[in-house]
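Structural overview for review
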Amino acid sequence: MKISINWLKTLVKTDLSTEDIAARLTAAGLEVEGIEQFESIKGGLKGLVTGLVTDCEKHPDADRLSITKVDIGSGEALNIVCGAPNVAKGQKVIVATVGTTLYPSGGENLLIKKSKIRGVPSEGMICAEDEIGLGNSHAGILVLPENTPIGSPAAEFFNIETDAVLEIGLTPNRSDAASHLGVARDLAALVNSQETSERLQVQVPGLYPLPDETGTRKIAIEVQTSEACKRYSGMVISGIQVKESPVWLKNRLSSIGVRPINNIVDISNFVLHELGQPLHAFDADAIKGERIVVRTAKAKEVLKTLDGVVRPLTENDLVICDEKEPLCLAGIFGGADSGVSEKTTAIFLESAYFDPGFIRRSAKHHGLKTDASFRFERGTDPDMCLEALYRAANLILELAGGNISMSYHDVYPQRLEAHKVAFSYSNCNELIGKEIDRHKIRSILVNLGIEISSEGADGLLLHVPYYKHDVTREADVVEEVMRIYGYDHVEPSKEIRYTAYNEAANIGLLLEEKCASVLESIGFSEIMNLSLSNEKFYGENSSLVKLLNPLSQELNVLRADSLFSGLESIAYNLNRKNNNLKFFEIGKTYKVNVDATYTEEKFLSLFVSGALFNENPYGLKQKSDFAYLKACVDCLLEKCGVKNYSSADVKSLHFQYGLEYHMGSKSLVQFGKVSKTHLKTSDLSQDVYYAHFNWDVLAKAFSKRKIEFSELSRFPAVRRDLALLLDKKIQFKEVKELAFSTEKKWLESVNIFDIYEDEKLGNKKSYALSFTLLNKEATLTDSQIEGVMNKLITAYKDQLGAELR
């Protein structure tokens with residue numbers, strides 16, 4: 001946002017330098033990102049002075065050139081060769097001295113040098129208006145009035161305006177400062193709260209009483225959609241003349257980067273940037289039925305906007321209409337057929353307060369961003385509607401003539417009241433970390449326009465003006481006090497305070513740190529994906545949370561699962577030749593419940609794809625597989641102290657095959673090889689292995705963890721393998737449970753390291769199992785080991801119908 005210093009000083013009288021103003025505003029939260037210099041004429045006519053032609057004679061070697069003597073008040077006349085046909089002795093002219101750079105109305109810049117023209121020395125240049133950027137005429141040199149003083153800077157003679165322009169990085173919450181008036185308020189509050197000698201007052205100029213209405217033209221106003229338009233004001237001004245704006249107005253707008261158009265449009269833009277209240281001027285003759293209607297658009301209605309684009313409207317668009325059709329997109333963009341032109345002689349001038357949500361939705365839908373929508377989207381001041389209307393009407397009568405045909409008509413059915421906030425001095429001091437004088441606090445609040453309704457022993461009841469949309473709580477008021485008082489005035493505390501750590505209250509944070517630490521230590525990288533996803537991934541899913549106004553159709557729902565966003569990350573990396581991937585993510589999924597409430601569920605997900613090792617000279621070429629993912633899952637659960645979970649084959653359609661661990665009846669984690677259907681949807685040809693943890697179940701198990709110590713066995717463990725042919729319906733869970741129920745004394749673990757299925761086996765499958773046996777009191781003998789294995793084989797044959805391969 002650009003703020004003109006000259007303009008600012010018309011609202012608040014101050015002698016502060018530009019640099020001082022910039023420093024104070026930055027300290028108060030209006031960060032000045034840069035300072036630009038503005039000149040109403042490029043170059044500011046520097047190096048150009050007024051002069052008197054004391055002598056003029058024809059050049060002996062050129063018919064079209066003249067040799068002149070010009071007095072510029074320096075004591076010695078300059079010898080200048082001039083090619084203008086109208087140069088003559090006794091003229092007052094503009095002279096560009098040697099070393100001056102000219103910025104012509106068209107063409108390249110020109111540096112004036114001492115030179116010889118056809119053998120005659122020339123020490124400058126007598127200028128035409130186009131050569132110095134004052135106009136487009138090149139018929140001859142610019143001849144000044146006879147009473148023009150000699151040697152005066154041309155910038156003073158032509159009243160060239162120079163200005164400093166602040167580039168302010170306005171944050172979204174500071175809609176109250178989106179104007180010169182808003183910045184003036186902050187500057188006055190800063191100076192008045194920190195200085196004792198200077199007291200600044202903010203005053204808007206040009207708010208004079210308007211002439212009585214003539215009553216010659218009336219336009220009725222009807223607001224049909226009051227929830228979108230809380231206030232609508234308008235007046236009719238007739239007998240105007242649309243023409244070029246005066247220099248001062250064009251300079252004001254040009255200094256902040258706004259292109260002047262004509263006096264009526266320029267006045268509406270001027271008031272917008274001065275007061276922060278957007279206005280719109282309609283050609284009154286284009287309003288059919290002498291009636292303005294504020295409503296939402298109807299189905300199949302269209303509007304041709306000022307840029308010439310015919311825009312289909314939706315029922316969510318707020319439009320300003322006449323008796324028959326839309327005239328403009330409310331608060332965003334005017335219509336081509338109702339705009340002000342050179343033929344306009346009467347206008348209907350609009351000033352309104354529109355609901356930010358309606359404007360934001362329409363602006364995004366139509367892809368429009370204007371100065372008006374910028375302010376309406378963030379919230380304007382409903383109390384500024386009439387003041388802005390009066391300011392604009394005064395300027396129009398002054399610069400365009402005319403009369404008030406209809407005085408202001410104000411539709412304001414339900415007044416928007418100021419926010420009421422209870423404020424405590426002690427809370428303020430505690431939040432800031434310093435005790436601030438109560439008189440200074442009251443002074444800051446009053447200077448910010450916050451009304452003190454009543455005062456108690458330790459606090460105030462405040463009425464916060466509606467234009468401060470972000471100040472609704474006591475903490476917000478404290479922030480206002482703090483930024484005006486000055487962060488630099490709060491000394492660092494000499495005390496160190498420590499809050500005792502509450503593990504129970506922070507179990508989720510502890511678990512996050514633990515999981516991240518474990519996974520990073522085994523080579524995983526953390527990813528953070530958008531919560532937005534594509535509806536196409538989920539098929540017919542009635543529990544999806546759909547966005548009302550999505551940024552794109554590829555991001556039109558909140559993700560209901562952690563899988564697809566992870567697959568997108570893998571695809572993104574594979575497309576950039578990063579083929580060996582190990583990712584984890586901690587995030588949330590979302591769904592709509594049957595009763596129309598919403599549920600957020602936290603998750604931890606793991607993704608493994610590609611080779612486990614980068615290219616190396618050691619022959620390590622192992623690829624990611626289910627066994628590796630299972631080892632990672634088991635490792636993480638072990639490090640988190642999670643035990644006593646059961647396992648079963650996974651039944652989710654996300655997987656080709658996999659396992660699911662349970663804690664009681666609740667799912668702890670599902671993991672396995674991602675199905676080919678999902679890989680195809682994500683354009684992946686490389687296998688991906690995926691695990692999804694239920695965070696709440698994991699956190700509950702983690703909170704009950706116990707640290708246990710046990711002595712390392714002095715005797716060796718023994719491993720034995722078996723290959724069993726089993727019915728396809730039998731799960732590894734049953735095999736494992738039967739083993740532990742059969743051998744309770746020496747069996748330490750049971751693991752599956754291979755699964756083989758083939759058409760030749762029919763409805764059978766082959767499990768390759770390993771059994772670890774350990775006697776902590778003595779070394780197991782061969783006969784003891786053989787006895788255990790025989791018991792296991794017998795149990796498998798009898799109870800599961802297994803065959804030994």
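Details of the structure are given in the entry above.
This text gives an overview of the structure that appears in the document.

Analysis parameters
Residues numbered from 1 in each chain as written. Predicted model: local features only at pLDDT ≥ 70, side-chain atom pairs only at ≥ 80, totals over all residues. Heavy atoms only, no water. Helix = DSSP H or I, 4+ residues; strand = E, 2+ residues; numbered from the N terminus. Rg over C-alpha atoms; globule rule 2.2 N^0.38 Å. Buried < 20%, exposed > 50% of the residue type's maximum accessible area, 1.4 Å probe, protein only. Contact = heavy atoms within 4.5 Å. Areas by Shrake-Rupley, 256 points an atom, 1.4 Å probe, with all protein chains shown as cover. Lys, Arg positive; Asp, Glu negative; His and termini not counted. Charge placed at Lys NZ, Arg CZ, Asp CG, Glu CD. Pairing = 2+ DSSP bridges. Core = buried A, V, L, I, M, F, W, Y, C linked by side-chain atoms within 4.5 Å. Polar contact = N/O pair within 3.5 Å; in protein donor to acceptor, adjacent residues only side chain to side chain. Axes fitted to C-alpha atoms, helices over the stretch in contact; angles between N-to-C directions. Phe/Tyr/Trp six-rings, centres within 6.5 Å; stacked < 30°, edge-to-face > 60°. 1 Å grid on protein atoms, 1.4 Å probe; cavity = no way out; pocket = protein on both sides within 12 Å on 5 of 7 lines; lining within 4 Å. Points joined across faces, edges and corners; volume = space filled by probe spheres on them. Nonpolar A, V, L, I, M, F, W, Y, C, P; charged D, E, K, R; others polar. Disulfide = S-S within 2.5 Å. Expected span 1.5 Å × (residues − 1). Arc of directions from axis to C-beta.

**A look at the overall build of the protein chain**
The number of helices and strands found in the protein chain is 19 helices and 41 strands. Against the 2.2 N^0.38 benchmark of 28 Å for 805 residues, the protein chain shows a C-alpha radius of gyration of 40 Å, more extended than a compact globule. In terms of overall dimensions, the protein chain has a C-alpha envelope of 130 × 75 × 65 Å along the principal axes. Expressed as a percentage of the 805 residues in the protein chain, the buried residues total 48%. Of all intrachain contacts in the protein chain linking residues separated by at least 6 positions in sequence, the fraction that spans at least 24 positions is 69%. Carbon and sulfur atoms make up 48% of the accessible area of the protein chain, which amounts to about 41,300 Å² in all. Computing the positive centroid from 93 side-chain charges and the negative centroid from 110, the protein chain places the two 6 Å apart.

**So, the pairing of strand S23 (residues 346-354)**
For S23, a buried count of nine out of nine residues is recorded, marking the element as mostly surrounded by other parts of the structure. Here S23 shows no split at all, with Ala346, Phe348, Glu350, Ala352 and Phe354 on one side and Ile347, Leu349, Ser351 and Tyr353 on the other all buried. Here nine bridges tie strand S15 (residues 229-238) to S23, and the two strands are oriented antiparallel to one another. Paired with Ile237 across the two strands is Ile347, which belongs to S23. As defined by bridge partners, strand S16 (residues 279-283) adjoins S23 across five bridges and the pair is classed as antiparallel. Directly across from Leu279, in S23, lies its bridge partner Ser351.

**A closer look at the side chain of His662**
Along the chain, His662 falls in strand S35 (residues 655-663). Residue classification places His662 among the buried positions, given a relative accessible area of 18%. Once you skip the residues sitting within four places of it in the chain, His662 turns out to touch Tyr645, Ser646, Ser667 and Leu668.

**Brief notes about the nonpolar core**
Membership of the largest hydrophobic core comes to 81 residues, with the highest contact counts inside it found for Leu8, Leu25, Leu166, Ile264, Val271, Ile396 and Phe423. Setting aside residues up to four positions removed in sequence, Leu25 forms contacts with Leu30, Glu31, Val32, Leu166, Ile168, Val183, Asp186, Leu187 and Leu190.

**Considerations on the side chain of Asn573**
Relative to the helices and strands, Asn573 is located in helix H14 (residues 563-574). A distance of 2.9 Å separates polar atoms of two side chains, one belonging to Asn573 and the other to Asn578. Discounting chain neighbours no more than four positions away, the residues touching Asn573 are Asn578, Leu581 and Phe583.

**Focus: the sheet that holds strand S13 (residues 162-169)**
One open sheet holds the three strands; their spatial order is S1-S13-S2, and the pairing between them is antiparallel. Every interior strand has two partners, whereas the edge strands, strand S1 (2-4) and strand S2 (31-39), have only one. Each strand of the sheet is rotated relative to its neighbour by a mean of 30°, with strand direction disregarded. Summarising the sheet, S2 and S13 pair through eight bridges and their orientation is antiparallel. Paired with Glu39 across the strands is Thr162, a residue of S13. Packed onto the sheet, helix H2 (residues 18-27) meets S2 and S13 and runs at close to 155° relative to S2.

**Things to note about the packing of aromatic side chains**
Aromatic rings considered in pairs are described by the distance between their centres and by the relative angle of their planes. Throughout the structure, instances matching the rule amount to 18 aromatic pairs. Ring centres 6.2 Å apart and planes at 45° place the aromatic pair Phe282 and Phe348 in the tilted group. Of this pair, Phe282 sits in strand S16 while Phe348 sits in strand S23, placing them 66 residues apart in sequence. According to the relative accessible area criterion, Phe348 is buried, its value standing at 0%.

**Side note on the layout of surface pockets**
In this structure, the largest pocket occupies an estimated 1,000 Å³ of space. In terms of lining residues, the largest pocket is bounded by 28 residues, among which Glu638, Val642, Lys643, Asn644 and Tyr645 are the most central. Listing elements by their share of the lining of the largest pocket, those giving two or more residues are helix H15 (626-639), strand S34 (646-649), S35, helix H18 (732-742) and strand S39 (747-756). Top element by residues in the lining of the largest pocket is H18. It accounts for five residues. In the lining of the largest pocket, the residues fall into 10 nonpolar, six polar and 12 charged. Its boundaries defined by the atoms lining it, the second largest pocket holds a volume of some 710 Å³. Residue lining of the second largest pocket: 28 residues in total, with Val265, Asn269, His280, Leu306 and Phe333 positioned closest to the centre. For the lining of the second largest pocket, the secondary structure elements donating two or more residues are helix H6 (263-275), S16, strand S21 (326-329), strand S22 (333-334), S23 and helix H8 (371-378).

**Let's talk about empty space enclosed by the protein**
Taken as a whole, this structure holds two cavities of 30 Å³ or more when the rule is applied. If you add up the space inside the largest cavity, you get close to 150 Å³. Ser175, Asp176, Leu275, Gly276 and Asp381 are the residues nearest the centre of the largest cavity, which is lined by 16 residues in total. In terms of residue class, the lining of the largest cavity is built from five nonpolar, seven polar and four charged. What the second largest cavity holds in volume is close to 50 Å³. A per-class count over the lining of the second largest cavity returns five nonpolar, two polar and two charged.

**Some thoughts on the environment of Leu111**
Note on placement: Leu111 falls in strand S8 (residues 110-111). As a C-alpha pair, Leu111 and Val98 span 13 residues in sequence and 8.1 Å in three-dimensional space. If we skip the residues at most four places from it in the chain, Leu111 touches Gly99, Thr100 and Thr101.

**Describing the state of the cysteines**
What the rule picks out here adds up to zero disulfides. Distance from the sulfur of Cys515, which forms no disulfide, to the nearest cysteine sulfur (Cys640) is 4.2 Å.

**Some thoughts on helix H19 (residues 782-800)**
The terminal C-alpha atoms of H19, which comprises 19 residues, lie 26 Å apart, in line with the 27 Å expected from a rise of 1.5 Å per residue. Inspection of H19 places Ile785, Val788, Met789, Leu792, Ile793, Ala795, Tyr796 and Leu800 among the buried residues, and these make up the whole buried set. Viewed along the axis of H19, the buried residues span an arc of 160°, placing them on a single side of the element. Turned more than 90 degrees off the buried face of H19, the exposed positions are Ser783, Glu786 and Asp798. Looking at the buried residues of H19, the elements they touch are strand S38 (718-727), H18, strand S40 (764-773) and strand S41 (803-804). At the exit of H19 stands Gly801, carrying a positive phi of roughly 65°.

The quantities given are spatial measurements derived from coordinates; they are silent on function.
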